[in-house]
Amino acid sequence: MADNAEEDALRVALAQQYRYVGSLGLNELASGNLSCRLGADAMLISPGGATPESMQPESAVKVTLDGAWAGERKPSSEWRMHAAIYQQHAAAGAVVHTHSDYCVAVASHNQPLPGFHYLVGSFGGNDVPCVSYATFGTDELARNAANALTDRTACLLGNHGMICRGDDLASAVEAAHRLEIMCRQYVLARQLGEPDVLNDAQWKDFFERARAAGYL
Ligand SMILES: [Zn+2]
């Protein structure tokens, strides 16, 4: 179990990053949520209905990965999606879920974000997949999202939004921000028709160079 000093530091970081995500405009009307792993079998997650103004370190809810929690505040209704990702992926130290505008725009077509730009590769492959729609808060949605994050660090959620994982809160928030930028640029590119995508040889070169440079 994490000691108190570690938990306190993670609570401060979670509140800071929650406010930062709000300042980026990625979490309007508390539609998204953030979490970080806590020890071997738990996480800290933003509470349901938190706003950037109301979010404090003590607002974060400690939830075991099988769903036990205590206290006055309820965890985000999407705690199952976060817990499933920590259970399935040892490398996940933090998870961010949003309904940011351009991610929703692409996810509403139930299509992956194609590899129209080399930075799509920063999520681990030649596209960012989109999982089928499932009702919010369900085990089905949690399963879909956790499976999609096996060989990618982010996915779109059909008719819903996006979710991503990172080593820590800062890297997960950066990934959520980057995916929103990439989806915005893709939507802009679509104004001129379907854009070109990188071919297999170009992806191979990209991944070799990115790994050699330590970016991936
Ligand atoms: Zn949601």
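Here the structure is a predicted model, which is why all the values come from computation and not from measurement.

## Concerning the overall build of the protein
Along the protein, the regular secondary structure elements total 6 helices and 9 strands. Computed over its C-alpha atoms, the radius of gyration of the protein comes to 17 Å, within 12% of the 17 Å expected for a compact globule of 216 residues. Taking the principal axes of the C-alpha coordinates as reference, the protein spans close to 50 × 35 × 30 Å. Here the protein holds 216 residues, and 47% of them are scored as buried. For the protein, restricting intrachain contacts to residue pairs at least 6 apart in sequence, the fraction spanning at least 24 positions comes to 66%. When the accessible surface of the protein is summed, it comes to about 10400 Å², and 49% of that surface belongs to carbon and sulfur atoms.

## Here we look at the side chain of Ser-76
By the element assignment, Ser-76 lies in the loop between strand 3 (61-64) and helix 2 (79-88). When its relative accessible area of 3% is taken as the criterion, Ser-76 is described as buried.

## Observations regarding the coordination of the zinc ion
Surrounding the zinc ion are the protein donor atoms His-97 (NE2), His-99 (NE2) and His-160 (NE2), at 2.0 to 2.1 Å. Mapped onto the sequence, the residues coordinating the zinc ion show the spacing H-x1-H-x60-H. Placement of the pair is His-99 in the loop between strand 4 (94-98) and helix 3 (101-107) and His-160 in the loop between strand 8 (154-157) and strand 9 (161-166), with a sequence separation of 61 residues. Residue His-160 is classed as buried on the basis of its relative accessible area, which comes to 10%.

## A word on the pattern of salt bridges
Tallying each qualifying case throughout the model produces 8 salt bridges. Two residues, Glu-7 and Arg-11, come together in a salt bridge whose shortest N-O distance is 3.1 Å. One end of the pair, Glu-7, and the other, Arg-11, are both in helix 1 (residues 4-23), 4 residues apart, so they sit about a helical turn from each other. When its relative accessible area of 10% is taken as the criterion, Glu-7 is described as buried. You can call Arg-11 buried: its relative accessible area is 14%. Linked by salt bridges that have partners in common, Glu-7, Arg-11 and Lys-62 make up one network.

The rules we used
- Residues numbered from 1 in each chain as written.
- Predicted model: local features only at pLDDT ≥ 70, side-chain atom pairs only at ≥ 80, totals over all residues.
- Heavy atoms only, no water.
- Helix = DSSP H or I, 4+ residues; strand = E, 2+ residues; numbered from the N terminus.
- Rg over C-alpha atoms; globule rule 2.2 N^0.38 Å.
- Buried < 20%, exposed > 50% of the residue type's maximum accessible area, 1.4 Å probe, protein only.
- Contact = heavy atoms within 4.5 Å.
- Areas by Shrake-Rupley, 256 points an atom, 1.4 Å probe, with all protein chains shown as cover.
- Donors = N, O, S within 2.8 Å, 3.2 Å for Na, K, Ca; no water.
- Salt bridge = Lys/Arg side-chain N within 4 Å of Asp/Glu carboxyl O.

By themselves, these are just geometric observations and shouldn't be taken as functional.
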